[in-house]
Amino acid sequence: MLTRWYHLPSGLSFYVPFQVFYRLFCMICALIYFLLFCLREPISSCFRTRYAKNALPTLITIRFSHYCEKARWALDLLQHASTRHEDEKQKCSHNYVECARSILTHMVTSLWHTSGFSSSTPIYITQDKRVLKESSLIMHYVSDELCKLGEPTLYPTSEVEELVNYFDETLGVHVRRYAYWMMFSSDDMTIELYQCWLRGTRKIERWIQRHFSGSIQALATVGMQVHEQPSLISKQQIDEVFAKVNRMLEKHDGLYLLNTNYPTAADITFAALAYPVIFPPQCDDLIFEYDINRMSRNLYYQVSMYRGQRAGKFVLRMYEQDRIIHRIQPMS
């Protein structure tokens, strides 16, 4: 890798090679986690105030993450179903709050709640204090709870599970890289992305992101390989997934991917993970609106191309007809 020099925050007048800065950053994160782990019991009563005995279930997210949107969609569906239940306890047991974290500080939060097993989001803490460490586990949890309420399962066939895994491992990964690359390629889009990073986060997190935004972008670029060649390969992968979904929709000629009469986990997963290249109006509070005046020409063209496909229209229809937003507002 070529050596790059990155400018540190204002007030510091020296420069360091990026490789050195990256290693120092990793060491500092490891030290912070070690200190938190050592002090886990003494500070747990303060840190876990929101997850105490009478606390609501909590979803820890990066607000604009498409994997977090997948989990949020499933939990909103469950909460909506529980409000129709006659038992008052059932109505309340599936209310939850969203705790948004910044693109940098979410790692410490995730490591804390998973005892060091995961540094990613979403993380869901259930009413009985179980910790679900990824979106698919949350989706299975929601499906099981829906069945207890007499609602249909989100996994009616084994093909649904296969499609969910395919979308998670292919579409989700490549959409993230390609979307970041298109936004990092334009200064205006990068500024818009920085604003997305700030939404729903705490004051100290917003301060960190404003002063270290360049360093965070550099870490994201290296960590996700947001470079031209890998990003173009990601676009090819996205095109293949969209082509497959186009064929499935054409074959079944129905509202949903597997010709069911209600959305399954596969439908929700595809729609949520594709949202960063579709920009549904319902996601304006997660990212920014589909508007030629706010988007770079290349981004607007690419999004318009995906929107015009059968799969893109399916995502827009899913958000319009099946995206239920009915929950307690995120904590500030």
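Here goes a summary of the coordinates provided. In this text, all values refer to a predicted model and were calculated from it rather than measured experimentally.

Regarding the sheet that holds strand β6 (residues 131-132)
In step 1: An order of β4-β3-β5-β6 is seen for the four strands of this open sheet, with the pairing classed as mixed. On the outer flanks of this sheet lie β4 (97-101) and β6, each paired with one strand and no other.
In step 2: Bridge count for strand β3 (residues 58-62) against β4 is five bridges, and the pairing is parallel. Note on β4: the bridge partner recorded for Thr-61 is Ala-100.

Some details on the pattern of salt bridges
In step 1: This model, assessed by the stated rule, comprises twelve salt bridges.
In step 2: Linking Arg-63 and Glu-98 is a salt bridge whose minimum nitrogen-to-oxygen distance equals 3.1 Å. Here the residue Arg-63 occupies a position in the loop between β3 and α3 (66-83), and Glu-98 occupies one in strand β4, the gap between them amounting to 35 residues.
In step 3: The buried category is assigned to Arg-63, whose relative accessible area is 11%.
In step 4: Across the salt bridge formed by Asp-285 and Arg-63, the nearest N and O atoms sit 3.2 Å from each other. Residue Asp-285 is found in the loop between α12 (265-274) and α13 (297-308), and its partner Arg-63 is found in the loop between β3 and α3; the two are separated by 222 residues along the sequence.
In step 5: According to the relative accessible area criterion, Asp-285 is partly exposed, its value standing at 43%.
In step 6: Three or more residues are tied together by salt bridges with common partners; here these are Arg-63, Glu-69, Arg-72, Asp-76, Glu-98, Asp-285 and Arg-323.

Remarks on the packing of aromatic side chains
In step 1: All chains considered together, the criterion is met by twelve aromatic pairs.
In step 2: Look at Phe-167 and Phe-270: their rings are 5.3 Å apart centre to centre, the planes differ by 50 degrees, and that puts the pair in the tilted class. Taken together, the residues Phe-167 in helix α7 (residues 158-184) and Phe-270 in helix α12 connect sequence positions 103 residues apart. The two residues Phe-167 and Phe-270 agree in class, both being buried.
In step 3: Geometrically, the ring pair formed by Phe-242 and Tyr-306 is tilted, given 4.9 Å between the ring centres and 50 degrees between the ring planes. Separated by 64 residues along the polypeptide, Phe-242 in helix α11 (residues 228-252) and Tyr-306 in helix α13 bring together distant segments of the chain. One exposure class covers both Phe-242 and Tyr-306, and it is buried.
In step 4: Within the aromatic cluster, the residues linked to one another by ring pairs are Tyr-166, Phe-167, Phe-242, Phe-270, Tyr-306 and Phe-314.
In step 5: When the ring centre of Tyr-166 is taken as origin, the NZ or CZ atom of Lys-244, which lies over that ring, is 4.3 Å away.

Rules of the game
Residues numbered from 1 in each chain as written. Predicted model: local features only at pLDDT ≥ 70, side-chain atom pairs only at ≥ 80, totals over all residues. Heavy atoms only, no water. Pairing = 2+ DSSP bridges. Helix = DSSP H or I, 4+ residues; strand = E, 2+ residues; numbered from the N terminus. Salt bridge = Lys/Arg side-chain N within 4 Å of Asp/Glu carboxyl O. Buried < 20%, exposed > 50% of the residue type's maximum accessible area, 1.4 Å probe, protein only. Phe/Tyr/Trp six-rings, centres within 6.5 Å; stacked < 30°, edge-to-face > 60°. Lys NZ or Arg CZ within 6 Å of the ring centre and 35° of its normal.

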